[in-house]
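Remarks on the overall topology
What follows is each chain in one-letter form.
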Amino acid sequence: MDFAKGSKQKPRVLLVEDNPGDIRLTQEALKESEVEIVLDVVSDGEQALDFLLKRNKFTDAIRPNIILLDLNLPKKNGIEVLKEVKAHESLKKIPVIVLTTSDADHDISKAYSFHANCYILKPVDFDDFAKVIRLIEVFWFNTVQLPNE
Amino acid sequence: MLKAELVPNKDFFDSYKEAILIASATPEVIYVNAAFTQLTGLMLDAGDEKALMEILKACETATVNSNESHCHLSIGEKNAQVKPVNVSSSPLILSDLTKVTLFTFTRPGNNPASINDERKFYELADASPAMIFLEDKNGQAFFFNKAWLEFIGDSGDNRSDSKWETYIHPEDIKVTEEHRAEDVDRVPYSYELRLQKFDGSYRNIFVIRTPVTAEDGTFNGYMASCLDITEIEESQNKINELTRELKLANEELEQFTYVTSHDLQEPLRMITGYIQLIQKNIERGNLSAIQEFMDFVLSGTSRMQMLIADLLKLSRVNRKGAPFTSVDLSEVLNVALAHLAKKIKNTGAEINCEQLPVVTGDTFQLVNLFENILDNALKFTPLDTSPHIAISVTEADGKYIFEVKDNGIGIDNKFHKRIFAIFQRLHNRGEYEGTGIGLAVCKKIVERHGGDIWVQSEPGNGSAFYFSIKK
């Protein structure tokens, strides 16, 4: 799948984040980017799986190209979501970018052992945060090749 | 007439390398060993009484002034050869308590091995804190040391006819027999069993069994050394328990620090991020979103305040706990209800309560406990429903068990444990406000009062919170 400039395909990102402040910050950071990204947001682990599996109120959900996953989530935490996604025959192909404030070794190690595609610490500074979001875009949408489905 | 069978440790004397003669006070020779017969050609009950008597007299004369001396001994009547030997005497008590004399002969030049060594062994054995006994090659115990006699409460000096098996705990007889079967291997081994002490108590005993060999290397029985390890095991168990508690406390602390720093960082990050965003937007002259961003900053600061206040509450449970007094829980409940009066009025809640008992505890914390649980019951109610809360109490196992039942939204089974951990929220902040610390505080309070806290609930069917407090 190609998201280069001029392509008609708009990359889709699923943000799994319970903090409204972080959701808004991510939206602001995406505004500053060059690529137009469609952002879907769910605010707990169960909703994330419902969205990805098109269950319950998410029957019309569209499969994202990448997932931005916070670890500290209500109901089902990020690791549990990661575990289920990576155990799913089709969903496991979607790159999962863990985006969290936890720099604990056991979280990092656990995330990778459940096949997180990368692990990024949320910067405290907004400019740094915007930079991280831009790097994610550049890398995952302009650099790598993603699977079609 | 005294019988040779009364000689203690006869097995040992029989196979002893040096010549031995035992005489009664009469005087009369009552025992000679094989080495004696080999040396002198004389045997008991074989018509040699006269010759034996002569040797005995010589021995008595030789040792009259000191118990070790030198005498000439005629060896065998046939060749009438005379050889010098050293003779030493020592008192011996037969198992019928008759006093007799033990004479030991050593050839000059021979290493005067070791009837003395043997006696030293008995002295050492008596000085040992371990219980020691010796068995002959047939498995018959013939010597018990002082520590053993003290253990079984034998005030006399009855060293030989104690059936030590009678002290084994009935449940350990089988395992002992299984181990004793290893005796045939003639190698040292050890095992544990319980033995009954004179006061009737059973002690945990560690037994080391070592085969004993005669001078010529042949198997001569077993020596058993028994250590009372009851206290060692008890203190080891205590240490293990404390270590486990310490480990748990450390893990809890680590978890606490991690969760706390994570949860405190989040509002701080919001504040920083949005202030920078505001600054950026002001620079660009874009003021439309300023108010919205400002709200995020403010909610960040108030959230931070709330977290810090809750953390203080949690740390106070252990740090600032008041000494326990007699507490009337009916009064405790009234105070808690007064604190929640506004919420009760606003939600139109109906609260019913049974007569509550008086317990021993910390009044302030118990108010806090009831307040937190009732606050949850008031908070987690479906929209357009008035909370109905019923408080009741039962007794079991020396504890009061309290039930706080509501008609709220209920909690899925899989969260029943997690809700009592610090900062665990099941709901988005938008749905139900809170830091996720209330139930963690409750858990700490209940644990300090020697009880437990748990929940029974399913989504849509209300929740019943239970906690126990020692009577």
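Please read all numbers here as calculations on a predicted model, not as lab measurements. (Residues numbered from 1 in each chain as written. Chains lettered and ligands numbered in written order. Predicted model: local features only at pLDDT ≥ 70, side-chain atom pairs only at ≥ 80, totals over all residues. Heavy atoms only, no water.)

1. Focus on the overall build of chain A
Helix and strand content of chain A: 5 helices and 5 strands. Its C-alpha radius of gyration of 14 Å places chain A within 12% of the 15 Å reference for a compact globule of 149 residues. Over its C-alpha atoms, taken along the principal directions, chain A stretches across nearly 40 × 35 × 25 Å. Burial statistics for chain A: of 149 residues in total, 55% are counted as buried. Here the analysis covers contacts within chain A between residues at least 6 apart in sequence; of these, 67% occur between residues at least 24 apart. For chain A, the accessible area works out to roughly 6900 Å², and carbon and sulfur atoms hold 50% of it. (Helix = DSSP H or I, 4+ residues; strand = E, 2+ residues; numbered from the N terminus. Rg over C-alpha atoms; globule rule 2.2 N^0.38 Å. Buried < 20%, exposed > 50% of the residue type's maximum accessible area, 1.4 Å probe, protein only. Contact = heavy atoms within 4.5 Å. Areas by Shrake-Rupley, 256 points an atom, 1.4 Å probe, with all protein chains shown as cover.)

2. Re the packing of aromatic side chains
Residue and element names in this part refer to chain B. Summed over all chains, the structure comprises 19 aromatic pairs over all chains. Aromatic side chains Tyr 189 and Tyr 222 sit 6.2 Å apart centroid to centroid with 70° between the ring planes, which places their arrangement in the edge-to-face category. With Tyr 189 in strand β8 (residues 189–196) and Tyr 222 in strand β10 (residues 219–228), this pair connects stretches of sequence that are 33 residues apart. You can call Tyr 222 buried: its relative accessible area is 2%. Between Phe 219 and Tyr 222 the ring centres are 5.8 Å apart and the planes differ by 65°, which places this aromatic pair in the edge-to-face class. The exposure classification of Phe 219 matches that of Tyr 222, with both residues buried. One aromatic cluster is present, built from ring pairs that chain together Phe 133, Phe 144, Trp 148, Phe 151 and Tyr 167. One cation-aromatic arrangement involves Arg 186 over Phe 219; the distance from NZ or CZ to the ring centre is 3.5 Å. The side chain of Arg 209 reaches across the aromatic face of Tyr 222, ending 4.9 Å from its centre. (Phe/Tyr/Trp six-rings, centres within 6.5 Å; stacked < 30°, edge-to-face > 60°. Lys NZ or Arg CZ within 6 Å of the ring centre and 35° of its normal.)

3. Observations concerning unusual backbone geometry
Negative phi values dominate among residues other than glycine, just as trans dominates among peptide bonds. Residues Thr 26 of chain B and Pro 27 of chain B are joined by a peptide bond in cis, for which omega reads -5°. Along the chain, Pro 27 of chain B turns up in the loop between β1 (19–24) and β2 (28–32). Look at Lys 54 of chain A: it is not a glycine, yet its phi comes out positive at around 55°. Along the chain, the position of Lys 54 of chain A falls in the loop between α2 (45–52) and β3 (66–69). In this model, Asn 56 of chain A sits at a positive phi of 45°, which is unusual for a non-glycine residue. In this structure, Asn 56 of chain A sits in the loop between α2 and β3. For Asn 56 of chain A, a relative accessible area of 60% puts it in the exposed group.

4. Quick look at helix α11 (residues 363–379) of chain B
Over its 17 residues, α11 of chain B runs 24 Å from end to end, which matches the ideal 24 Å to within 8%, given 1.5 Å per residue. Sitting at the head of α11 of chain B, Asp 362 of chain B places a side-chain oxygen 3.2 Å from the backbone nitrogen of Phe 364 of chain B. (Expected span 1.5 Å × (residues − 1). Polar contact = N/O pair within 3.5 Å; in protein donor to acceptor, adjacent residues only side chain to side chain.)

5. Some details on the sheet that holds strand β17 (residues 463–470) of chain B
Residues and elements named next belong to chain B. Spatially, 5 strands are ordered β12-β14-β15-β17-β16 in an open sheet, and the strand pairing comes out mixed. Single-partner strands in this sheet number two, and they are β12 (350–353) and β16 (453–457). Strand after strand, the sheet turns through a mean of 20° between neighbouring axes, direction not considered. Set on the sheet, α11 makes contact with β14 (388–396), β15 (399–405), β16 and β17; between it and β17 the angle comes to about 170°. (Pairing = 2+ DSSP bridges. Axes fitted to C-alpha atoms, helices over the stretch in contact; angles between N-to-C directions.)

6. Here's the deal with the domain arrangement of chain B
Partitioning chain B into structural domains gives domain 1 (1–111), domain 2 (114–228), domain 3 (242–319) and domain 4 (321–471). A C-alpha centroid distance of 26 Å is found between domain 3 of chain B and domain 4 of chain B. (Domains from an automatic or database assignment.)

7. Things to note about the packing of helix α1 (residues 20–31) of chain A against helix α5 (residues 126–143) of chain A
All names here are of chain A. Running from N to C, α1 and α5 cross one another at 65°; their axes reach a closest spacing of 9 Å. Judged by the sense of rotation from one axis to the other, the crossing of α1 with α5 is right-handed. Contact with α1, carried on its side by Leu 25, Thr 26, Glu 28, Ala 29 and Leu 30, involves Phe 126, Phe 129, Ala 130, Ile 133 and Glu 137 of α5 and no other residues of that element. Across the contact of α1 with α5, the residue classes tally to 7 nonpolar, 1 polar and 2 charged. (Left-handed = near helix turned anticlockwise from the far one by under 90°. Nonpolar A, V, L, I, M, F, W, Y, C, P; charged D, E, K, R; others polar.)

8. Here we look at the interface of chain A and chain B
Listed as interface residues are 31 residues of chain A and, on the opposing side, 26 residues of chain B. Taken together, both faces of the contact between chain A and chain B bury some 2500 Å²; the carbon and sulfur share is 45%. Of all residues in chain A, Lys 75, Thr 101 and Val 124 of chain A give up the largest surface area on contact with chain B, accounting jointly for 24% of the area buried on that side. Residues Asp 127 of chain A and Lys 280 of chain B are paired through a salt bridge, measuring 2.5 Å at the closest nitrogen-oxygen approach. Where chain A meets chain B, there are 7 residue pairs in polar contact (both at pLDDT 80 or more). Those elements that provide at least two residues to the side of chain A that touches chain B are α1, α2, α4 (105–113) and α5 of chain A. Looking at the side of chain A that touches chain B element by element, the count peaks at 6 residues for α1 of chain A. When grouped by side-chain class, the residues that make up the side of chain A that touches chain B number 7 nonpolar, 10 polar and 14 charged. (Buried area = accessible area lost by both parts, 1.4 Å probe. Salt bridge = Lys/Arg side-chain N within 4 Å of Asp/Glu carboxyl O.)

9. Re the pairing of strand β2 (residues 38–42) of chain A
Residues and elements named next belong to chain A. The pairing of strand β1 (residues 12–16) with β2 spans 5 bridges and is classified as parallel. Note that in β2 the partner of Val 13 across the bridge is Leu 39. Crossover β1 to β2 through α1 is right-handed. (Right-handed = clockwise from strand over helix to strand, strands pointing away.)

10. Let's talk about the environment of Lys 471 of chain B
Residues and elements named next belong to chain B. In this structure, Lys 471 sits in the segment after β17. In sequence terms Lys 471 and Thr 230 are 241 residues apart; their C-alpha atoms lie 33 Å from each other. Those residues in contact with Lys 471, other than ones at most four positions away along the chain, are Glu 395, Gly 398, Lys 399 and Tyr 400.

11. Points about α5 of chain A
Along its 18 residues, α5 of chain A runs 24 Å from first to last C-alpha, staying within 8% of the 26 Å computed at 1.5 Å per residue. Within α5 of chain A, burial applies to Phe 126, Phe 129, Ala 130, Val 132, Ile 133, Ile 136, Glu 137, Trp 140 and Phe 141 of chain A. One face of α5 of chain A carries all of its buried residues, which in axial projection span an arc of 155°. Where α5 of chain A is buried, its residues meet β1, α1, β3, β4 (96–100) and β5 (118–121) of chain A together with α7 (230–283) of chain B. (Arc of directions from axis to C-beta.)

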